[in-house]
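Examining the three-dimensional arrangement
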Amino acid sequence: MSGPATPAAVSFPPQLPLSLRDRAAGSVRVPGSKSYSNRALLLAALAGGTTRIHHLLHSDDTAVMIESLRQLGVLIEAEGPQVLRVHGMDGVLRSSAEPIACFVGNSGLTIRTLLPALVLGLADREGTAVRLHGVARMHERPIADLVEGLRAIGAHIECEAAEGFPPLRLHGRPLDPQAELSVRGNVSSQFLTGLLQIAPGLAKLWDLPEIIVRVEGELISRPYIDLTLALLSMFGAQWREPEPGMFWISPAPNSGRSGLISPGDVTVEGDASSASYFLAAGALGGGPLAVLGVGSQTLQGDVAFAQALSAMGARVSMHADSIVVQAPASGRLQAIDWPCGDIPDAAMTLVPLALYAEGTTHLRGIGSWRVKETDRIAAMATEARKLGAVVAEGPDWLSITPPAALQSAEIATYDDHRVAMSFALCAFAHPGDADRGRLLTILEPGCVAKTYPEFFNDFARVAAQAVPVIAIDGPSASGKGTVAARVAEALGLHYLDSGALYRCLGLLCLEAGLDPNTAVQPEQRQRILDLAARHAPQFVGTNILLQGRPVGEAIRTEAVGQMASCLAALPEVRAALLRQQHDFARSPGLVADGRDMSTVVFPGAVLKVFLTATAEARAERRYKQLIEKGFSATLSLLQQDLEDRDRRDRERPVAPLLFDAEAGMVMLDTTRLSISEAVEFVLQRARPLL
Ligand code: C5P
């Protein structure tokens, strides 16, 4: 099985309007660290033995690393969604008469660590050539310092287009033994990481007890080097740093050609850079928000972002494997003047925070931003200005003075995941927001897939967790819609008819010619997902607008209901609609009806009701409704359709309709109850909980 090491596709619309929110609370588990995942993958591929990597990040950047390693002959198998088994090659890569092509996307870490690994792996593979290429931006990102460092030990590397930039072509050839390697460290610390990771193998190759890797000049982003060293230790290599920037590396005792021995299992930490968005969300949205998977034990330097957040006034408590954040006791963040050299990625998150702070924030030591996915200094300055901020920029600094009130803006993202995730934070209510009319749209939000495909879903969820939700689930025509709407009205809460979201998508799919009675073909799946990502119906009073047209009536037909229930069985469709459902949970609270409100969408709901009635009673109710509206209907057919739909909803493997007393659901059989009696049942239980 060479199976799903790549992420399940998350579909993104070309533009993502974010609903404004004022609260964030609860907990979020951030995905595995990109830096950790890609280091672990490469070391596991190089080392002797088999490594099981747990909690690996599924993202574009890890996918290109995995695919490149497979091209090079490494066997990588999925052992379930969260575990990957990598069969180490012990420093020997496959030989090939044909050039091997590795596509590295826009992953700097992949190209900068794969290149040295190839130099080592092809040292006795004369005649084998490997081409490393990426997206257009990758071909503008410098790699000269690393190429020079490797040429100094005899590597044959050609830069195909411009000297010092990818695409690169590497030819296998023997290397010149040297006890000391050197590399410059002021453009990217990834060059040093690349050399450190092959140092144990070079020592073996040249039969030396140790290799010295020396940094010439300044070393930026030092914490990333500490992470590299920690992972090298896990794979048995030994190191010391007798003076700063000079690393003595020896192979693992009794190791093979790579100088590395698999530790057996490696568990990837939560990503500290990804955590920064939620730490910030806790500060902007009140909290307490617990970010799980990152804490004081974390090896990643970006965890120091929490110190910057405390300096801004947020209340931060650090635990071994989690960090909990609350808004400042004073209610307002304060500007800071902060050296960001050690937290280059997480420091981007300080830009949106600066827009909410009192005073002018200065971010220093961010020169490396210029050569990342985009020129991040220019990008962050341009987008912050769109929101009304006054921003000054220098070669390696930014200063940000917030506006009195944020302006509506369409945020461009430059194919840079961190630009998208940072500015999403501006969906939080700003002290200057007079009303809720401000609009924030993230353009091309799909770039978050580079490191955090589920970002927008998690971001919607932490907002949803912060408000009380009453969940009402049940089969078709059990009366849950009517009851939920009346309860919402009586309590002054928002109302979500989640079935209407599935029905709107069902209508679009029927109009697009899809047939609910035939199994969904793979090529149709993508079309459905595209429709799901874009359809975003608006609920205006009692009407529903789908791409601007009223569809309140059109979505109630049986054909649409059948289509909706077929679509609802597809896990990707359910995932795509999750964020939209979470967006409905706004202050002061929400009443939501559907099939999986209590179990999947709002598992933290304060009250969970399962509303049901016999199939006969439900068919009769639906029959009366249809006749009253002037539709023709046959009772027996209606009952058959209801039963079919119920069966599909109950038997589907994802988010089935179920009554789960252990999850705290209470059952209400409405066969013999009036609507007012059912409403009263829910209200009596809900009122004390709000
Ligand atoms: O509730 P309603 O009949 O409008 O829902 C239409 C269909 O959408 C249901 O039969 C069900 O398959 C699906 N649905 C769902 N989960 C929800 C709401 C609706 O699967 N939360």
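Structural notes, computed from the coordinates. (Residues numbered from 1 in each chain as written. Predicted model: local features only at pLDDT ≥ 70, side-chain atom pairs only at ≥ 80, totals over all residues. Heavy atoms only, no water.)

**Some points on the environment of Ile-100**
Note on placement: Ile-100 falls in strand 6 (residues 100-103). Classification of Ile-100 as buried rests on a relative accessible area of 3%. For the pair Ile-100 and Leu-398, spaced 298 residues apart in sequence, the C-alpha to C-alpha distance is 42 Å. (Helix = DSSP H or I, 4+ residues; strand = E, 2+ residues; numbered from the N terminus. Buried < 20%, exposed > 50% of the residue type's maximum accessible area, 1.4 Å probe, protein only.)

**Regarding the site of the ligand**
With respect to spatial proximity, 17 residues lie near the ligand, and among them Arg-503, Arg-574, Arg-595, Asp-649 and Arg-652 are the closest. With respect to the ligand, the side chain of Arg-595 contributes an N or O atom lying 2.9 Å from an oxygen atom. For the ligand, a nitrogen atom lies 3.0 Å from a polar atom in the side chain of Asp-596. With the chains in place, 97% of the 450 Å² that the ligand exposes on its own is no longer accessible. Of the residues forming the shell around the ligand, the biggest block, four residues, is contributed by helix 14 (residues 498-511). Across the shell around the ligand, the residue classes break down as four nonpolar, four polar and nine charged. (Near = heavy atom within 4 Å. Polar contact = N/O pair within 3.5 Å; in protein donor to acceptor, adjacent residues only side chain to side chain. Areas by Shrake-Rupley, 256 points an atom, 1.4 Å probe, with all protein chains shown as cover. Nonpolar A, V, L, I, M, F, W, Y, C, P; charged D, E, K, R; others polar.)

**A closer look at the sheet that holds strand 2 (residues 24-29)**
If you walk across this open sheet you meet the four strands as 2-15-17-16, and the pairing is mixed. Whereas interior strands pair on both sides, the edge strands pair on one side only; in this sheet they are strand 2 and strand 16 (315-318). Sheet twist, expressed as the average angle between the axes of neighbouring strands with direction ignored, equals 10 degrees. Set on the sheet, helix 7 (residues 272-284) makes contact with strand 2, strand 15 (286-292) and strand 17 (322-326); between it and strand 15 the angle comes to about 160 degrees. Packing of helix 12 (residues 455-464) onto the sheet brings it into contact with strand 2 and strand 15, and relative to strand 2 it is tilted by some 140 degrees. (Pairing = 2+ DSSP bridges. Axes fitted to C-alpha atoms, helices over the stretch in contact; angles between N-to-C directions. Contact = heavy atoms within 4.5 Å.)

**A short note on the sheet that holds strand 29 (residues 543-546)**
Read from one edge to the other, the open sheet built from three strands follows the order 28-29-30, with strand pairing classed as antiparallel. Bordering the open sheet on either side are strand 28 (538-540) and strand 30 (549-550), each of which pairs with just one other strand. Relative to strand 30, strand 29 runs antiparallel, the two sharing two bridges. Along strand 30, the bridge assignment pairs Leu-545 with Pro-550.

**Considering the environment of Ala-44**
Turning to its location among the elements, Ala-44 is positioned in helix 1 (residues 34-46). When near neighbours in sequence (up to four residues on either side) are disregarded, Ala-44 contacts Thr-51, Ile-53, Val-86, Gly-88 and Phe-235.

**Let's talk about the side chain of Glu-269**
Here Glu-269 lies in the loop between strand 14 (265-267) and helix 7. No salt bridge is formed by the buried Glu-269, whose closest oppositely charged neighbour, Arg-39, lies at an N-O distance of 10 Å. A distance of 2.7 Å separates a polar atom in the side chain of Glu-269 from a polar atom in the side chain of Gln-300. Among residues more than four places away in sequence, those in contact with Glu-269 are Pro-31, Gly-32, Ser-33, Tyr-36, Gly-293, Gln-297, Thr-298, Leu-299 and Gln-300. (Lys, Arg positive; Asp, Glu negative; His and termini not counted. Salt bridge = Lys/Arg side-chain N within 4 Å of Asp/Glu carboxyl O.)

**Thoughts on empty space enclosed by the protein**
Evaluation of the coordinates by the stated rule reveals eight cavities of 30 Å³ or more. Estimated volume of the largest cavity: approximately 260 Å³. Residue lining of the largest cavity: 24 residues in total, with Lys-34, Gln-190, Tyr-224, Asp-345 and Lys-372 positioned closest to the centre. Listing elements by their share of the lining of the largest cavity, those giving two or more residues are helix 1, helix 3 (108-121) and helix 11 (417-424). When the residues that make up the lining of the largest cavity are grouped by side-chain class, the tally is five nonpolar, nine polar and ten charged. (1 Å grid on protein atoms, 1.4 Å probe; cavity = no way out; pocket = protein on both sides within 12 Å on 5 of 7 lines; lining within 4 Å. Points joined across faces, edges and corners; volume = space filled by probe spheres on them.)

**A closer look at the packing of aromatic side chains**
What describes a pair of aromatic rings is the distance from one ring centre to the other and the angle between the planes of the rings. A complete count under the given rule lists ten aromatic pairs for this structure. Judged by centre distance (5.8 Å) and plane angle (80 degrees), the rings of Tyr-277 and Phe-455 are edge-to-face. In this pair, Tyr-277 sits in helix 7 while Phe-455 sits in helix 12, placing the two residues 178 residues apart along the sequence. Each member of the pair, Tyr-277 as well as Phe-455, carries the same accessibility label: buried. Where Phe-428 meets Phe-459, the ring centres are 5.9 Å apart and the plane angle is 90 degrees; that geometry is what we call edge-to-face. On the criterion of sequence distance, the pair formed by Phe-428 in the loop between helix 11 and strand 25 (440-443) and Phe-459 in helix 12 is long-range, its members being 31 residues apart. Here Phe-428 matches Phe-459 in class, with each residue buried. A connected cluster of aromatic rings, assembled from ring pairs, spans Tyr-277, Phe-278, Phe-428, Tyr-452, Phe-455, Phe-456 and Phe-459. Between Arg-240 and the ring centre of Trp-248, over which it is positioned, the NZ or CZ distance is 4.5 Å. (Phe/Tyr/Trp six-rings, centres within 6.5 Å; stacked < 30°, edge-to-face > 60°. Lys NZ or Arg CZ within 6 Å of the ring centre and 35° of its normal.)

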